Each structure stands twice: as structure tokens, then as C-alpha cells.
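# Per-entry structural report
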Amino acid sequence: MSVALTSSVTPNATQQELRVMVVDDSVVIRGMISRWVSSEPDMVVAASLRTGLDAVNQIERINPDVAVLDIEMPELDGISALPLLLAKKRNLIIIMASTLTRRNAEISFKALSLGASDYIPKPESTREPAAAETFRHDLIQKIRHLGAKVRRTAPASLAPSLAPAREPLARPAAPVATPPLLRRAFSAQAPRVLLIGSSTGGPQALMSLVGEIGAVIDRFPVLITQHMPPTFTTILAEHLARSSHRPAREAVDGEIVKAGNIYLAPGGRHMRVVRHGADAAIALDDGPPVNFCKPAVDPLFASAVDVWQGGVLAVVLTGMGSDGMRGGKDIVAAGGSVIAQDEASSVVWGMPGAAANAGICAAILPLNQIAPKLVRLFSGDRS
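Residues numbered from 1 in each chain as written. Predicted model: local features only at pLDDT ≥ 70, side-chain atom pairs only at ≥ 80, totals over all residues. Heavy atoms only, no water.

### Here we look at the sheet that holds strand S4 (residues 93-99)
The sheet built from 5 strands is open, its strands ordered S2-S1-S3-S4-S5 with parallel pairing. Each edge of the open sheet carries a strand with a single partner, namely strand S2 (43-49) and strand S5 (118-122). Taken pair by pair, the neighbouring strands of this sheet meet at an average axis angle of 20°, ignoring direction. The sheet contact formed by strand S3 (residues 66-70) and S4 spans 5 bridges and is parallel. Considered in S4, the bridge of Ala67 is made with Ile94. On top of the sheet, helix H1 (residues 27-38) reaches strand S1 (18-23), S2, S3 and S5; it is set at about 165° to S2, its chief contact. Sheet contacts for helix H2 (residues 52-62): S1 and S2; angle to S2, the most-contacted strand, approximately 135°. (Pairing = 2+ DSSP bridges. Helix = DSSP H or I, 4+ residues; strand = E, 2+ residues; numbered from the N terminus. Axes fitted to C-alpha atoms, helices over the stretch in contact; angles between N-to-C directions. Contact = heavy atoms within 4.5 Å.)

Written as C-alpha cells, this is what we have:
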């Protein structure tokens, strides 16, 4: 029988702290993540467990907000534990953690389809300071931003067995009026290219979106930057090809950009576009991260202005941070247009929220309304 290594909640834990359950058969990884989480003022380690079976058996007692779930474990692996955990707590945020292999990348995509909120690749060696620090930064940000959303919706979505006892209702506070977000008119110029930037929640959103814009893809090139590591972008391109029934692949440095194709920035490299005679060509580079990301959205957005000027139409989908906002400003300044996904349909309203609050968007739409809008815009509608 496995031994569950469960930490107690810190004495000063408050209702505002996110309760994090770490599930990994590696004592080194468990200890490392637990130390990182414990050092954050808004988080507490609710439990540190060795197997998926421990997590499933103890989730009612632990009642975590977020679970960091390893893929490969004894007794019950992460992909098998995932649906069992969600069956017991349907609003549990689950972040899948795995080493960077094609098999684990494919399993991570399957986990997203089964209800996992996100994934994170573990570094090949925790002894490499830079790799460990990147892992720490990305993991803590994912826990914080995904956990914040579940906390906002927790009263309505807790499983009945986990719902807290109700306190007497106080008189509701008067709603605070928020000014409407500024929306610009769509460009009078016909769009000649579609650019898409996304991060957390992006794979699911992208597969949904490209499946509905075949008429756009057939006539115009589509370039996508999704925050993802190598190997994962390879798998994502394959999923996008299946969803769209159109050619989709990781972009190759120097290739000519053509209508009818989806070009995905490969993990670990920024994707830009450059002039190549009368055409546009892909330019990949190994420069430093931008907005903590590589690939990043801003380099793609900003470079496209030099090639298509005001003929750029960009979409900013769900994701943490503000990547895409500065590049979106460049697009709008050149006469192009930007659409942002709305908050309600975003897994995290960081990137699209930054664009929306910057006043650069011509529309802020639910995910299921973006594809129809794109089809109309690329068909000549300018409203």
C-alpha cells in the first residue's frame, strides 16, 4: 500500500489561499513543488501524494482548489485518475505535469479533452537552475490564475458533497458600475491575413475555431502562435489539421506563406514574417523570451504590419499575461483590426483582457461567435 505524504494546512491559512494538491511519485518533484507553493503568500500545500489512487481516495478530505497531477505514476496514473477526481469535485483545477516526450504530449492533449485545465512540461533535470526557474515561474502562474477563476465561481459549482454550510445571507452590496470597454471600428481595408495568439486554454479554443473557418483558410493564410514547448506544438499542429481538414504544420524558416495553410510557431522559437519579393516568408529566430514566452505573440503581430500593413486581422484568445497587446497596438496603428475573446468564455482572461482594456479591439466576443465573425469579415463585411 502506498503511503500518502500529506502536509497540514499552515496555521495562518485563510479562505483566500489556494489549496494545492501535489500528486507525483517522485519525492524530489513533490518536495520541490511543495516548497515553491508554500513560499507563495496566496497558496498553501493541502497535500503531497505519491499516486493517483491516493488522490482519488483522499480528495473529499483534502478538498483542494488545484491539483498538480503527474502523468506516470504507480497504481493509478494521472490520465486514469483525472476523470475520477473530476467526478468527485467537478470544479477542481487540474494541471497535468509530464516530461517532454511525444507520448506524454499526446497524453496531455487527451487530458485536456477529458477536463484538465492545463499542462506543464517538467524539466529534464531539476539540477539545471534556468530550467527549474522557468518551471517554477510557469507552474506558479498557472496555479494562481487558474485557481483565481475557480474561486470566483466556486459557490455555484462545488459538488454537493463538498459544498460548505451556508452562512446567513447579508444584504448584497450595491453593484459597482464599470465603464464599458472601448471598441474601435473595424478597418476599412480588406483583411489579407489572419493571425491568432493564444496561451492557457488555447489548444481547445484553437481546435474549435479552425474547425469553423474553412472558408477563410481556403482563401487566406492563417498564422498562429500558441505558448507551447517543442514536441507539444508538433502534436497541436496535427490536431489543428484534423479539426480544420486543412494543411496545418509547424512553420519552417524561409518558407513562403500561402493561402490555404495554417502555420504554427514551433515551440522554443519565435515566428515572424518578412517580405520576400512580392510574397511573405516565415522567419524563425532563437532570441530571448518575450513576455516570458517563446514563442511569443507580439513578435508575430508586430512583424506582420511590415508585410501586410493595414490588411492584418488578429485574434487574441484565452491565455495568461498580456502577450499580444503590444503587437495588437502596432496592428491597429497601421490600420488593421483586433478581436479579443470575451472573459466568460476564456479559461484565463489575461491576454484578451489586456488587449480589450488597452482599447485596441474592434470586437470582444464569446469563442463561439468569433468564427462566424471572421467568415463575414473576410467575405467583405466591414461592420
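### Remarks on empty space enclosed by the protein
Summed over all chains, the structure comprises 1 cavity of 30 Å³ or more. Roughly 70 Å³ of volume is contained in the largest cavity. If you go around the largest cavity, you meet 13 residues; those closest to its centre are Phe186, Ser187, Gln189, Pro191 and Ser337. Its residues placed into classes, the lining of the largest cavity shows 6 nonpolar, 5 polar and 2 charged. (1 Å grid on protein atoms, 1.4 Å probe; cavity = no way out; pocket = protein on both sides within 12 Å on 5 of 7 lines; lining within 4 Å. Points joined across faces, edges and corners; volume = space filled by probe spheres on them. Nonpolar A, V, L, I, M, F, W, Y, C, P; charged D, E, K, R; others polar.)

### Some details on the nonpolar core
By size, the foremost hydrophobic cluster in this structure holds 64 residues, and its most contacted members are Leu85, Leu194, Ile339 and Leu374. With 6 residues, helix H12 (residues 367-378) is the single largest residue contributor to this core. In contact with Leu374, other than residues within four places in its own chain, are Leu194, Leu209, Ile213, Val216, Leu313, Val315 and Ile339. (Core = buried A, V, L, I, M, F, W, Y, C linked by side-chain atoms within 4.5 Å. Buried < 20%, exposed > 50% of the residue type's maximum accessible area, 1.4 Å probe, protein only.)

### Looking at the side chain of His227
Assignment of secondary structure puts His227 in the loop between strand S7 (222-226) and helix H8 (232-244). Judged by its relative accessible area of 13%, His227 is buried. One polar contact links His227 to Asp323, side chain to side chain, over a distance of 2.7 Å. Once residues within four sequence positions are removed from consideration, His227 is found in contact with Tyr119, Ser198, Ser199, Cys293, Pro295, Ala296, Val297, Asp323 and Met351. (Polar contact = N/O pair within 3.5 Å; in protein donor to acceptor, adjacent residues only side chain to side chain.)

### Description of the pattern of salt bridges
For the structure shown, the criterion picks out 13 salt bridges. One salt bridge connects Asp42 with Arg144, and the closest N-O pair in it is separated by 2.7 Å. Here Arg144 lies in helix H5 (residues 129-157) and Asp42 lies in the loop between H1 and S2, a separation of 102 residues in the sequence. Of the residues examined, Asp42 reaches a relative accessible area of 25% and is grouped as partly exposed. (Salt bridge = Lys/Arg side-chain N within 4 Å of Asp/Glu carboxyl O.)

### Observations concerning helix H6 (residues 202-210)
All of the buried residues in H6 are Gly202, Pro203, Ala205, Leu206, Leu209 and Val210. The arc that holds the buried residues of H6, viewed along the axis, is 165°, so those residues lie on one side. (Arc of directions from axis to C-beta.)

### With respect to the packing of helix H4 (residues 102-113) against H8
In the contact formed by H4 and H8, the axes pass within 9 Å of each other and the chain directions differ by 50°. With respect to each other, H4 and H8 are oriented oblique. In this structure, the crossing between H4 and H8 has a hand that is right-handed. In contact with Arg102, Ala105, Glu106, Ser108 and Phe109 of H4, H8 contributes Phe232, Thr234, Ile235, Leu236, Glu238 and His239. (Parallel < 35°, antiparallel > 145°, perpendicular 65-115°, else oblique. Left-handed = near helix turned anticlockwise from the far one by under 90°.)

### Describing the packing of aromatic side chains
Tallied over the full model, the rule gives 4 aromatic pairs. When the centroid spacing of 5.5 Å and the interplanar angle of 70° are considered together, the rings of Trp36 and Phe135 count as edge-to-face. With Trp36 in helix H1 and Phe135 in helix H5, this residue pair connects regions lying 99 residues apart in the sequence. In this pair, the class of Trp36 matches that of Phe135, namely buried. For the pair Phe220 and Phe378, a centre-to-centre distance of 4.7 Å together with 50° between the ring planes defines the contact as tilted. You can see Phe220 sitting in the loop between helix H7 (214-219) and S7 and its partner Phe378 sitting in helix H12, a full 158 residues away along the chain. The exposure class assigned to Phe378 is buried, which follows from its relative accessible area of 4%. Joined through ring pairs, the aromatic side chains of Phe109, Tyr119 and Phe232 make up one cluster. (Phe/Tyr/Trp six-rings, centres within 6.5 Å; stacked < 30°, edge-to-face > 60°.)

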